[in-house]
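# Secondary and tertiary structure notes
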Amino acid sequence: MPRIRPISDLRNNANEISDFCRQTREPVYITRNGSGDMVVLSIEEYERQQALIELYGKLAEAEQEVAAGAPGEDFLTVARQLREGIHGKL
């Protein structure tokens, strides 16, 4: 269930809201005059979401390339190269 708080709570209870966001990884929705105004999110969760958006964009781009007939690479070759980059040559 979303956590909804008035904008006055952001000023009066900022530490509590910050702790909630970091501990639960959930956003807090802030209202102003009874209407939605902004969302407060921990920096870690924000960065995670931004990384996912970037990944989805790259996947969509790759799908378009494949649909357009771009040559692909062998999965086992790519996986081996990634492992070598992380663990060194096997």
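Please refer to the structure higher up on the page.
Counting starts from 1 at the beginning of each chain's written sequence and moves along it residue by residue. With pLDDT at 70 or above as the cut-off, local features in this predicted model cover only qualifying residues; side-chain atom pairs require 80 or more to be listed or tallied, and sums for whole chains, interfaces and linings still use all residues. No hydrogens and no water enter the side-chain calculation; it runs on all heavy atoms of the structure.

### Comments concerning the sheet that holds strand S2 (residues 28–32)
Within the open sheet, the 3 strands sit side by side as S1-S2-S3. Their pairing is mixed. Of all the strands in the sheet, just strand S1 (3–6) and strand S3 (35–40) have a single pairing partner and so form its edges. Across this sheet, the average inter-strand angle for adjacent strands is 35°, counted without regard to direction. By this definition, two strands are paired if DSSP reports at least two bridges between them. Secondary structure follows DSSP: runs of H or I at least 4 residues long count as helices, runs of E at least 2 residues long count as strands, and numbering of each begins at the N terminus. As paired strands, S1 and S2 are joined by 4 bridges and run parallel to one another. Its bridge partner being in S2, Ile 4 is matched across the sheet by Tyr 29. Orientation is described by lines fitted to C-alpha atoms, with helices fitted over the stretch in contact, and by angles between N-to-C directions that extend from 0 to 180 degrees.

### Quick notes on the environment of Ser 42
Assignment of secondary structure puts Ser 42 in the loop between S3 and helix H3 (43–67). Take Ser 42: its relative accessible area is 8%, and that puts it in the buried class. Separated by 29 residues in sequence, Ser 42 and Asn 13 have C-alpha atoms that sit 15 Å apart. Beyond its immediate stretch of four places on either side in the chain, Ser 42 contacts Cys 21 and Arg 22. N or O atoms within 3.5 Å of each other form a polar contact, as long as, within protein, one can give a hydrogen and the other can take it, and as long as residues adjacent in sequence are counted only when both atoms are side-chain atoms. Within the structure, the side chain of Ser 42 is placed 3.1 Å from the backbone nitrogen of Glu 45, a separation counted as a polar contact. Think of it in three bands: residues with accessible area under 20% of the maximum for their type are buried, residues over 50% are exposed, and the middle band is partly exposed, with areas taken using a 1.4 Å probe on protein chains only. Only heavy atoms enter the contact rule, under which two residues are in contact if any of them lie within 4.5 Å.

### A closer look at the side chain of Asp 9
Take Asp 9: it is sitting in helix H1 (residues 7–12). Classification of Asp 9 by relative accessible area gives buried; the value is 17%. Excluding residues within four positions of it along the chain, Asp 9 makes contact with Ala 14 and Ile 17.

### As for the pattern of salt bridges
Criterion for a salt bridge: a side-chain nitrogen of Lys or Arg within 4 Å of a carboxyl oxygen of Asp or Glu. Under the counting rule described, the total for this entry stands at 7 salt bridges. Between Glu 16 and Arg 5 there is a salt bridge whose closest N-O contact spans 3.3 Å. Of this pair, Glu 16 sits in helix H2 (residues 14–24) while Arg 5 sits in strand S1; the two residues are 11 residues apart in sequence, bridging distant segments of the chain. We note a salt bridge from Arg 80 to Glu 84, for which the minimum N-O separation is 3.8 Å. With Arg 80 and Glu 84 both in helix H4 (residues 75–87) and 4 residues apart, the pair spans about one turn of that helix. The network of salt bridges with shared partners includes Arg 5, Asp 9 and Glu 16.

So, to be careful, I would describe these as geometric facts and stop short of saying anything about function.
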